[in-house]
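Analysis of the macromolecular model
What follows is the residue order along each chain.
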Amino acid sequence: MKQPSGKICTVISLMFIFILVYVAQNKLDAYLIRILNLGAMYVTLGVSLNLIYGFTGQFSLGHAGFMAIGAYVTALLVLPPYYKEVIFMLEPLAWPLNVIHTPFVVALIAGGVLSALAAFIIGVPVLRLKGDYLGIATLGFAEIIRIVLNNIPHITNGALGIKGIPEYTNLWWTMGIAIFTIYIVKGLISSSYGRALMAIRENEIAAEVMGVNLTYHKVMSFTISAFFAGVGGGLFACLLTTIDPKAFRFVMTYNILIVVVLGGLGSITGTVIAAFLYNFLLESLRPIEAGFNLGPMHFPPIPGLRMVTFSVLLLILILYKQKGLLGGFEFSWKWFFQSIKKVFKPKKTTEGSTL
Amino acid sequence: MEILNLDNITIKFGGLTAVKDFKLELQHGELVGLIGPNGAGKTTVFNMISGIYTPSTNKIYFQNRDITGMKPDRIAKLGIARTFQNVRLMDNLSVIDNVMIGFHLHLHSNLASAIFRFPGYVREEEGIYQKSIELLHKVDLEFNKEVQAGSLPYGQQRKLEIIRALATRPKLLLLDEPAAGMNPQETKELMGFIQKIRKDFDLTILLIEHDMKVVMGICERIIVLNYGQTIAEGNPAEIQHNPEVIKAYLGVEAQYA
Ligand SMILES: Nc1ncnc2c1ncn2[C@@H]1O[C@H](COP(=O)(O)OP(=O)(O)O)[C@@H](O)[C@H]1O
Ligand SMILES: [Mg+2]
């Protein structure tokens, strides 16, 4: 059997996804659509974190900060001017933001670009740090973003946040952007530039001695990662329709981190699976948070129990399967067809002997 | 033609002077050995030449150009490559990727053409893939090209590291104990290999090695370091009979041998 070309397979599966999205968007109930939207949004967020953490080996905990930038930029650009006048109660929104009104796609890109710009500016000094120190510094950055958002009410409406953001985000957007993110990140990491990023992850000193410019590559990876985190933030704003600084606390980064570690550092396939799995599990665990009866025993409602459950799951995973569900495995058509062949092989050999 | 000049360099780590007033001039095409007991400062000299450390005083010249304080990647671009005493491969990457990383500094394609696989990029990538295979062929590793580098036997990892260094097309190659962990047969092959690449690639080589058969067998000139200072310099015969070297180093080696 001749193996079909990967490009054709990709096109066919994209068409398949296209139909699935069409059906889902039109036939599924709002609750399921929402979970799928969250799942696809986490694909974008997770793949972007995997780029800097899983593939480049730079422990960044700043994702919530980049998301926040993207979310606020997007929200401010898509809100109609008359509506902005209504909701900015603490202080009127500063010019020119009070008059600008752009289409969703422009707002998403602007959010991504601003987020990338922030990453570029802090990346140059901060990416000199290694390991835990880098984690702490990027975490600090995300907190600073949050505090700034709280304290510039003429731009962000302060702690009140922004409400009534148009609900533009639907499956077309979340899935489309997830696929675009995968396309770009996969293209990057399987290129010569990606090889350099992984070389840095594997052995920074050796990479540098081989002529890899550490600053350039780390900042490049960090900036691209932040771009997609910003776009993800824009999706988030137009999915929830309400944002405030509290939404971008460390828990947000932690959620994305769970997805990436669960799926496996350095595996895009793993991140994709984990992103959907995580959101479905999170929803299905909702009842235990609402309190439940188990035989004669009554469990009272405990808010946050889902996160506890997840943290325990993560702990178990890290203890027993350190490389995540998929380790460094990556889906490829070659692998796909070889597996199919393997499944059918036993039959074939017996048939072959009769010929 | 002078290729490298260490002009009385000194480096201190806190209170410790790891290398003191070290002087070394390498002529193009030379194969020079750097020996001495453990902790003498040999690897530190390599680290200074390759830009990982900067000398506390005085300067390093490569092809009459001051490279003191330059970053390692820039020094690599100028034409200095090295291997490490404790092999530093990209363990989770394939053997071929490890070699291709060596070609990194000769790549020209920009980021967009790499992500979107423009024809120019694809051609460039295929070119270095072929060259990498050719290099792997030299050490009989081409059939292991898809294997994870970290899973190779130690001796092969050392060879791969040399190949990776060659991929940068260096003018000066620094080898830090390349025979460590090799069996006698591999060591013998290594000696031949070093001499061969020196000729084929028109290299100047500086070699740190504890195996005296290797050092005495292939080096034309040997420098002996002890406590960060040069205690002797000369050809193999002179070094072997130098009483101070025997006292500080060779005597000790002989005891272990
Ligand atoms: N980064 C460093 N910080 C402190 N001391 C160092 C450092 N690098 C090397 N040294 C010290 O310098 C001395 C020389 O080490 P090294 O060059 O590795 O010796 P050799 O390679 O000859 O065995 C040793 O005493 C070592 O502990
Ligand atoms: Mg050493």
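The next subject is the coordination of the magnesium ion (ligand 2). All names here are of chain B. In the first shell of the magnesium ion (ligand 2), the protein supplies Thr43 (OG1) and Gln85 (OE1), at 2.0 Å from the metal. Of this pair, Thr43 sits in helix α1 (residues 42-49) while Gln85 is found in the loop between β6 (80-82) and α3 (95-102), placing the two residues 42 residues apart along the sequence. Residue classification places Gln85 among the partly exposed positions, given a relative accessible area of 28%.

Counting 99 residues, the largest nonpolar core has A:Phe66, A:Ile162, A:Leu188, A:Ile243 and A:Phe248 as its most contacted members. With 14 residues, the single largest contributor to this core is helix α11 (residues 214-240) of chain A. Setting aside its immediate chain neighbours within four residues, A:Phe248 contacts A:Ala64, A:Met67, A:Ala68, A:Ala71, A:Tyr72, A:Arg146, A:Phe236 and A:Ile243. Grouped together as the second largest cluster of nonpolar side chains are 50 residues, B:Ala81, B:Val87, B:Val95 and B:Ala149 included.

Take the sheet that holds strand β10 (residues 229-234) of chain B next. Residues and elements named next belong to chain B. If you trace the 6 strands from one edge of the open sheet to the other, you get β6-β7-β8-β3-β9-β10, paired in mixed fashion. Each having just a single partner strand, β6 and β10 make up the two edges of the open sheet. In this sheet, adjacent strand axes meet at a mean angle of 20 degrees when their direction is disregarded. Direction of pairing for strand β7 (residues 172-176) relative to strand β8 (residues 204-208): parallel, over a ladder of 5 bridges. Residue Leu175 lies in a different strand from β8, and its bridge partner there is Leu207.

Moving on, we get to the site of ligand 1. Residues and elements named next belong to chain B. Around ligand 1, the neighbouring residues are Phe13, Leu16, Ala18, Pro37, Asn38, Gly39, Ala40, Gly41, Lys42, Thr43, Thr44 and Tyr53. Ala40 is positioned such that a nitrogen or oxygen atom in its backbone is 3.2 Å from an oxygen atom of ligand 1. In the model, a nitrogen atom of ligand 1 is placed 2.8 Å from a nitrogen or oxygen of the Tyr53 side chain. Notes on ligand 1: free accessible area 560 Å², of which the protein chains cover 64%. Where the shell around ligand 1 is concerned, the elements lending two or more residues are β2 (16-27) and α1. Per-element tally for the shell around ligand 1: the top contributor is α1, with 3 residues. Partitioning the shell around ligand 1 into residue classes produces 6 nonpolar, 5 polar and 1 charged.

On average, residues of chain A carry a pLDDT of 89, and 96% of them reach 70 or more. Here residues 348-355 of chain A is modelled with pLDDT under 50, and outside its nearest four sequence neighbours on either side it reaches 0 contacts, counting other chains as well.

Conventions and cut-offs
Residues numbered from 1 in each chain as written. Chains lettered and ligands numbered in written order. Predicted model: local features only at pLDDT ≥ 70, side-chain atom pairs only at ≥ 80, totals over all residues. Heavy atoms only, no water. Donors = N, O, S within 2.8 Å, 3.2 Å for Na, K, Ca; no water. Helix = DSSP H or I, 4+ residues; strand = E, 2+ residues; numbered from the N terminus. Buried < 20%, exposed > 50% of the residue type's maximum accessible area, 1.4 Å probe, protein only. Core = buried A, V, L, I, M, F, W, Y, C linked by side-chain atoms within 4.5 Å. Contact = heavy atoms within 4.5 Å. Pairing = 2+ DSSP bridges. Axes fitted to C-alpha atoms, helices over the stretch in contact; angles between N-to-C directions. Near = heavy atom within 4 Å. Polar contact = N/O pair within 3.5 Å; in protein donor to acceptor, adjacent residues only side chain to side chain. Areas by Shrake-Rupley, 256 points an atom, 1.4 Å probe, with all protein chains shown as cover. Nonpolar A, V, L, I, M, F, W, Y, C, P; charged D, E, K, R; others polar. pLDDT = per-residue confidence, 0-100.

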